[in-house]
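Chain by chain, the residues run as shown.
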Amino acid sequence: MSHIFPKAGLILLFLFAFAPGPVNFALLAQADLPPEIVAYADMVLYNGKVLTVDEKFTVAQAVAIRDGKILVAGDTSRILKMAGPKTVRIDLQGGTATPGFIESHGTGAQGNHGPGGPSYMKTYTSLRCEALDDCLRGIKAWAEKIPAGEWVFVNLFRTAAAYQVTLPLLDQIVPNNPLLVNMDNTTGFVNSKAFATLKDYMSDEYIQSGIYRDKDGKPTGRIAGAVYGVLTYEIIPWPEGAHLEEMIQKQIVQMRFLNRMGLTSWGTRHGGLPITILREIVSRGQSPLRIRATSELARLNPRTEAYLKRTGNMMELGDEWFKIASMTISSIDSNATNAGILTRQPMRQMESWYAFGPKGQNKFTDMVAPGYDWRKYSDYGNAFVAAKYGWNVTDLHIKGDGGVELMLEAFDKINETIPIKGKRYGMAHGTMRPPDLAKRLAVYDAQLSENPYYLFRGKEYSGYLEKQYGADAVAGMLPIRGLIDVGLKPVMEVTRASGWSERSPNNFYLEALEQFITRKNNDTGRVWGPNEKITRVEVLRMATAWGTRFSGDEKILGTLEPGKLADLVVLGGDYMAVPEEQISELPILKVIVGGKVTYDKDRDEPYFQDALSKMPPRRSQEGN
């Protein structure tokens, strides 16, 4: 048999077949076997608490990594036997290793929300005004700074006054530049020069459906839905050359800050520009994060079916570092800060500056001009087209229970011909998910991302909610306990556009874990809905294992089990033992992605402090 099995092979077979316990890797190495057959671990983490977050929530002392994947977790003595001369050894010193944190709806990428201004353009600004004259003065003052002929972009906060601007008024104050005034990323106002860029699209009925007209049939300047999507996604030019490279470099800095918080996988909905930027960074080997993109191809697109016939179903196309996870459509409603949450019950208090009715904003109805069927011409119809061609429809911006009910109506109708249970249909934000709707969402095993910001970070947003709906109603919002109890597995959604580089003394992501456990607002100290508290085990599942369900990565990410990608966070303390209100204070010492250390506190903090010192004031814009 020696001519069939060389000496090394016989030794290997013997050891595996007859070893009474775990294989002795040191002995295997002495057999002078090639590394393709057996090798030491590339990295071992030991002498701590390794939370595998597997089905049983197994807690080990150590974990071994080889070839970018988890080899095994176990006790320290066993794992150290797998270490060789070149193995990287990380002594946890009683600290904790967990799977890397997964962000399921992390807005704020460079070039994201193309219909949002677009804020990546250098001729963009954001204004708030509560009187029409103030709106016009602000727009005029900004436009005068822009050279003639260049696009001018202004984002107006959604007050009643902002919706009073018209094409004639905009022509008077901005006669020499194409002007887009963004209202809510689905609706805007244009002057004549901007309107003229749409001339080649006017024969399309979907384009016509989004042009608001006066009683004489003349355009008022307000555009919405498909026509707004064509203008902002297709007509407005992309940044090029040095500007594009500047955006790429800014994106790399942003991603490093996210990684510093423990993130190893970052997902959200993206249009073509951010997908291109993120893919370029991955291709350069400079991404510290795995990217999971939800495509906006169907968002505000009058030719969604034609596009999908050309592209086919590209869902889950990609690799371990970058892939297209699903499809999304437009936001369904808006935010508490502009009284635009779509609800079933009216607000208890209205303000004069509110632009919408007592039940908030239904963006689907606002996407079409009067006289058009919004179920056909708005993005409501695009959800059916996406499903027809095999795409999951997820990552839907919905905050109010009225919005949830509206999309469940669509889910029910889609399900009549295309079964969608378990296909990761889902919604983002999670402010209002009352028990009756939670049970209906559970029927489809819907994927729900939940953001603690709305109740627990600062007093502004929760203050708006309390004023509009009352304290009792607010206490029932973000009902994580209720969602879990009906069988749902909600996931974490933390890094809003304004938050990725926030100068907080605590870790932004760990703070979110803490807040879902305590439900305490970090500014006021108020506990909202203590009956909706969850455990530290459950919230860690939200941030890791359950987070993979949003992107279909259950088999390769989210737990520290053999064969899965080695994405880990090393905490300088015991996550399971530290008091609940001190979880956010745990230092993140290292972040590991694919078996490589992408963040090391001792090594990298000078870089971040330097980056913070150079960071310009933030231009805030809430994505929706």
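See the structure printed just above.
Residues numbered from 1 in each chain as written. Predicted model: local features only at pLDDT ≥ 70, side-chain atom pairs only at ≥ 80, totals over all residues. Heavy atoms only, no water.

(A) Layout of the overall build of the protein chain. Counting secondary structure elements, the protein chain contains 23 helices and 24 strands. Each of the 624 residues in the protein chain was classed as buried or not, and the buried ones make up 59%. Excluding contacts between residues fewer than 6 apart, the proportion of contacts in the protein chain whose partners are at least 24 apart in sequence is 73%. A total accessible area of about 24600 Å² is found for the protein chain, and carbon and sulfur atoms account for 52% of it. (Helix = DSSP H or I, 4+ residues; strand = E, 2+ residues; numbered from the N terminus. Buried < 20%, exposed > 50% of the residue type's maximum accessible area, 1.4 Å probe, protein only. Contact = heavy atoms within 4.5 Å. Areas by Shrake-Rupley, 256 points an atom, 1.4 Å probe, with all protein chains shown as cover.)

(B) Up close: the packing of helix α15 (residues 401–415) against helix α16 (residues 435–443). Relative to each other, α15 and α16 sit at 30°, their axes nearing to 11 Å. By the criterion of interaxial angle, the relationship of α15 to α16 is roughly parallel. Where α15 crosses over α16, the two elements pack in a sense that is left-handed. Here Asp401, Val404, Glu405, Leu408, Glu409 and Asp412 of α15 come into contact with α16, specifically with Leu437, Arg440 and Leu441. Of the residues assigned to the contact of α15 with α16, the class counts are four nonpolar, no polar and five charged. (Axes fitted to C-alpha atoms, helices over the stretch in contact; angles between N-to-C directions. Parallel < 35°, antiparallel > 145°, perpendicular 65-115°, else oblique. Left-handed = near helix turned anticlockwise from the far one by under 90°. Nonpolar A, V, L, I, M, F, W, Y, C, P; charged D, E, K, R; others polar.)

(C) Main features of the sheet that holds strand β7 (residues 96–99). Strand order across the open sheet formed by six strands is β3-β2-β7-β22-β23-β24, with mixed pairing between neighbours. Single-partner strands in this sheet number two, and they are β3 (59–60) and β24 (596–600). The sheet contact formed by β7 and strand β22 (residues 568–571) spans four bridges and is antiparallel. Its bridge partner lying in β22, proline 99 is registered against leucine 568. (Pairing = 2+ DSSP bridges.)

(D) Focus on the packing of aromatic side chains. Per the counting criterion, the structure on display carries 21 aromatic pairs. An angle of 80° between the planes, with centres 5.0 Å apart, marks the rings of phenylalanine 257 and phenylalanine 608 as edge-to-face. In this pair, phenylalanine 257 sits in helix α9 (residues 241–260) while phenylalanine 608 sits in helix α23 (residues 601–614), placing the two residues 351 residues apart along the sequence. Residue phenylalanine 257 shares its accessibility class with phenylalanine 608, and that shared class is buried. Between tyrosine 453 and tyrosine 454, the ring centres sit 5.3 Å apart and the planes meet at 75°, which makes this aromatic pair edge-to-face. Here tyrosine 453 falls in the buried class, since its relative accessible area comes to 12%. With relative accessibility at 1%, the residue tyrosine 454 sits in the buried group. Among the aromatic residues, those joined into a ring-pair cluster are Phe257, Tyr599, Tyr607 and Phe608. Sitting over the ring of tryptophan 353, arginine 128 keeps its end group 4.7 Å from the ring centre. (Phe/Tyr/Trp six-rings, centres within 6.5 Å; stacked < 30°, edge-to-face > 60°. Lys NZ or Arg CZ within 6 Å of the ring centre and 35° of its normal.)

(E) The arrangement of the nonpolar core in detail. Met407, Met492 and Tyr575 are the most contacted members of the largest nonpolar core, which has 136 residues in total. Contact partners of methionine 492, with chain neighbours within four places excluded, come to Ile102, Glu103, Ser104, His105, Glu450, Tyr509, Ala512, Leu513, Phe516, Val539, Met542 and Ala543. Judged by nonpolar contacts, the second largest core, of 22 residues, contains Cys135, Ile139, Ala161 and Leu179. (Core = buried A, V, L, I, M, F, W, Y, C linked by side-chain atoms within 4.5 Å.)

(F) Structural context of the pairing of strand β23 (residues 588–593). The pairing of β22 with β23 spans four bridges and is antiparallel. By the bridge assignment, valine 570 is partnered in β23 with lysine 590. Counting the residues that bridge the hairpin from β23 to β24 gives two residues, and of these glycine 594 lies at a positive phi of roughly 60°.

(G) Summary view of the sheet that holds strand β1 (residues 41–46). The mixed open sheet is built from four strands, whose spatial order is β5-β4-β1-β6. Every other strand in the sheet has two partners, leaving β5 (69–74) and β6 (83–91) as the edge strands with one partner each. On average, each strand axis in the sheet is tilted by 25° relative to the strand beside it, whichever way the strands run. Examined bridge by bridge, β1 and strand β4 (residues 62–66) share three bridges and lie antiparallel to one another. Directly across from methionine 43, in β4, lies its bridge partner isoleucine 65.

(H) Geometry of the state of the cysteines. One pass over the structure, following the stated rule, counts one disulfide. Cysteine 129 shares a disulfide with cysteine 135; S-S distance 2.0 Å. The chirality of the disulfide connecting cysteine 129 with cysteine 135 is right-handed, given an S-S dihedral of about 100°. Here the two residues cysteine 129 and cysteine 135 agree in accessibility, since each one is buried. (Disulfide = S-S within 2.5 Å.)

(I) Highlighting the pattern of salt bridges. In the structure shown here, the tally under the stated rule is 35 salt bridges. Each member of the salt-bridge network shares a partner with another, and the members are Arg344, Asp401, Glu405 and Asp436. (Salt bridge = Lys/Arg side-chain N within 4 Å of Asp/Glu carboxyl O.)

(J) Highlighting helix α4 (residues 132–143). In this model α4 runs 17 Å from its N-terminal to its C-terminal C-alpha over twelve residues, within 8% of the 16 Å that 1.5 Å per residue would give. Where α4 is concerned, the buried positions are Cys135, Leu136, Ile139, Trp142 and Ala143. All buried residues of α4 fall inside an arc of 135° around its axis, so they share one side. In α4, the exposed residues that point more than 90 degrees away from the buried face are Asp133 and Arg137. Packed against the buried residues of α4 are β9 (124–127), β10 (152–156), α5 (167–173) and β11 (179–182). (Expected span 1.5 Å × (residues − 1). Arc of directions from axis to C-beta.)

(K) Up close: the environment of valine 578. Relative to the elements of secondary structure, valine 578 occurs in the loop between β22 and β23. Excluding residues that lie within four positions of it along the chain, valine 578 makes contacts with Arg536, Ile583 and Leu586.

(L) The packing of α9 against helix α10 (residues 272–283), seen in detail. Orientation of α9 relative to α10, taken along the N-to-C sense of each, is 70°, at an axis distance of 10 Å. If you check the angle between α9 and α10, you find them roughly perpendicular. Both α9 and α10 take part in a crossing whose hand is right-handed. Between α9 and α10, the residues in contact are Leu244, Met247, Ile248, Gln251, Ile252 and Met255 and Leu273, Ile277, Leu278, Glu280 and Ile281, respectively. Residues of the contact of α9 with α10, tallied by class, amount to nine nonpolar, one polar and one charged.

Worth remembering: the numbers are spatial, not functional.
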